[in-house]
Amino acid sequence: MVNLKKDGLIIANKKFNSRLIVGTGKYKSMSECAKAIKLSGAEIVTVAVRRVNISDKNKPLLMDYIDPKKITYLPNTAGCFNSKEALRTLRLAREIGGWKLVKLEVLGDKKNLFPDMIETLKSTEVLAKEGFKVMVYCNDDPLMAKRLENSGAQAIMPLAAPIGSGLGIQNKINIQIIRKQTKLPLIIDAGLGQASDATIAMELGCDGVLVNTAIAKAKKPFEMALAFKNAVIAGRQSFKSGRIDKILMGNPSSPSKGII
Amino acid sequence: MKKIKKIKIKINGKIKSIIKDSNLSKVLKNLKIPLNKVAIELNEEIIDKKKINKIKLNKNDKIEIVHFIGGG
């Protein structure tokens, strides 16, 4: 029996029971977001750094709905298109309240939202030197993943498909190669569309998945949050249980001896 | 009567008129900024929130006040 309580996700020496990380964007309201997070069982949520609305002082704050003492905030650099912007964002995030565990995401193209890996690599080096624990959004390229690891990344987060596309894992082989070469937490980030995509990621040996749009924009976000929670658990259990070998021909499940 | 001198500064991209020699702490207080939930930049340099009492603002200063919002 796979004891999932003992099978925690360890990132930068911190243990989490849930292997599902969720984003907090694109929800209809903050209360909807908070409820979906609760149902997903996620212990880490990504958040964005943006200007305070100084003309509307009564606007609700994310921290009023999601308690950073109970849920780990993972500040993200979504929307940054170069190293300078990403570094500025994460230094500010750290200043808000001491956040050192961060998600680096440096985008290279406004349409496909693929990461700019040159800028990402540069930023990882600087942030690691400054004491940040950097989880890095990246392409599903094993060579780049290795370089990130050598630059001090604390987790490798390859995309399944373009951000928000819902296409699911497009390159299973690359994900498996990255899995084989790294002992760092490997977390699929971006592009998942439905719960079974998360199961597939976990069955490939990933340590976790990060989901935002697939839950927030589902017709029933609460049900989808629950579906992803169960899908991640199912995928992990399946992976740990050791699947059968694939064979070309049929192999009967009932004994051939004693057939009447 | 002594005339109060005002200066213009930019906060989060918006031009604001403040009393000359105001300190940063007072300006943030007037805006009701919850200090424990934000980070502050003055002219693109991060400010230690413990020191905002001692920072006097000058003409054309640019302040950025950021916080966490929902994101992926």
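The following paragraphs examine the structure supplied in this document.

Remarks on the interface of chain A and chain B
Okay, so step 1: Every contact between the two is made by 28 residues of chain A and, on the other side, 20 residues of chain B.
Okay, so step 2: When contributions to the side of chain A that touches chain B are tallied by element, the ones reaching two or more residues are strand E4 (44-51), helix H2 (62-65), strand E5 (72-76) and helix H3 (83-97) of chain A.
Okay, so step 3: For the side of chain A that touches chain B, the leading source of residues is E4 of chain A, giving 6 residues.
Okay, so step 4: Within the side of chain A that touches chain B, the residues separate by chemical class into 16 nonpolar, 7 polar and 5 charged.
Okay, so step 5: Sheet topology places E4 of chain A next to strand E5 (residues 62-70) of chain B; 5 bridges connect them, and they run antiparallel. Directly across from alanine 48 of chain A, in E5 of chain B, lies its bridge partner isoleucine 69 of chain B.

Things to note about the pairing of strand E7 (residues 133-138) of chain A
As a general feature of sheets, a regular strand has side chains that alternate between the two faces.
All names here are of chain A.
Okay, so step 1: In terms of residue burial, E7 counts as a mostly covered element, since 5 of its 6 residues are buried.
Okay, so step 2: As judged from the 4 bridges shared by E7 and strand E8 (residues 155-158), these two strands associate in the parallel manner. Bridged to methionine 135 within E8 is alanine 155.
Okay, so step 3: Note on the crossover from E7 through helix H5 (residues 142-150) to E8: the handedness is right-handed.

Quick word on the packing of H3 of chain A against helix H4 (residues 117-129) of chain A
Residues and elements named next belong to chain A.
Okay, so step 1: Relative to each other, H3 and H4 sit at 35°, their axes nearing to 9 Å. Regarding H3 and H4, the two cross each other, and that crossing is right-handed. In this structure, H3 contributes Ser83, Ala86, Leu87 and Leu90 to the contact, and H4 contributes Glu119, Lys122, Ser123, Val126 and Leu127.
Okay, so step 2: Across the contact of H3 with H4, the residue classes tally to 5 nonpolar, 2 polar and 2 charged.

Some words on the nonpolar core
Okay, so step 1: Core analysis: the largest hydrophobic core is formed by 93 residues, its most contacted members being Val136, Ile156, Ala198, Val209, Val211 and Phe228 of chain A.
Okay, so step 2: Discounting chain neighbours no more than four positions away, the residues touching valine 209 of chain A are Leu20, Ile187, Ile188, Leu192, Ala198, Ala201 and Val232 of chain A.

Section: H4 of chain A
Residue and element names in this part refer to chain A.
Okay, so step 1: With 13 residues, H4 should cover 18 Å at 1.5 Å per step; its first-to-last C-alpha distance of 18 Å lies within 8% of that length.
Okay, so step 2: Among all positions of H4, only Met117, Glu119, Thr120, Leu121, Ser123, Thr124 and Leu127 are buried.
Okay, so step 3: Lining the buried residues of H4 we find H3, strand E6 (101-104), E7 and H5.
Okay, so step 4: Directly beyond the C-terminal end of H4, a positive phi value near 90° is found at glycine 131.

Thresholds, definitions, all that
- Residues numbered from 1 in each chain as written.
- Chains lettered and ligands numbered in written order.
- Predicted model: local features only at pLDDT ≥ 70, side-chain atom pairs only at ≥ 80, totals over all residues.
- Contact = placed C-beta atoms within 7 Å.
- Helix = DSSP H or I, 4+ residues; strand = E, 2+ residues; numbered from the N terminus.
- Nonpolar A, V, L, I, M, F, W, Y, C, P; charged D, E, K, R; others polar.
- Pairing = 2+ DSSP bridges.
- Buried ≥ 20, exposed ≤ 12 C-beta atoms within 10 Å, placed from the backbone.
- Right-handed = clockwise from strand over helix to strand, strands pointing away.
- Axes fitted to C-alpha atoms, helices over the stretch in contact; angles between N-to-C directions.
- Left-handed = near helix turned anticlockwise from the far one by under 90°.
- Core = buried A, V, L, I, M, F, W, Y, C linked by C-beta atoms within 7 Å.
- Expected span 1.5 Å × (residues − 1).

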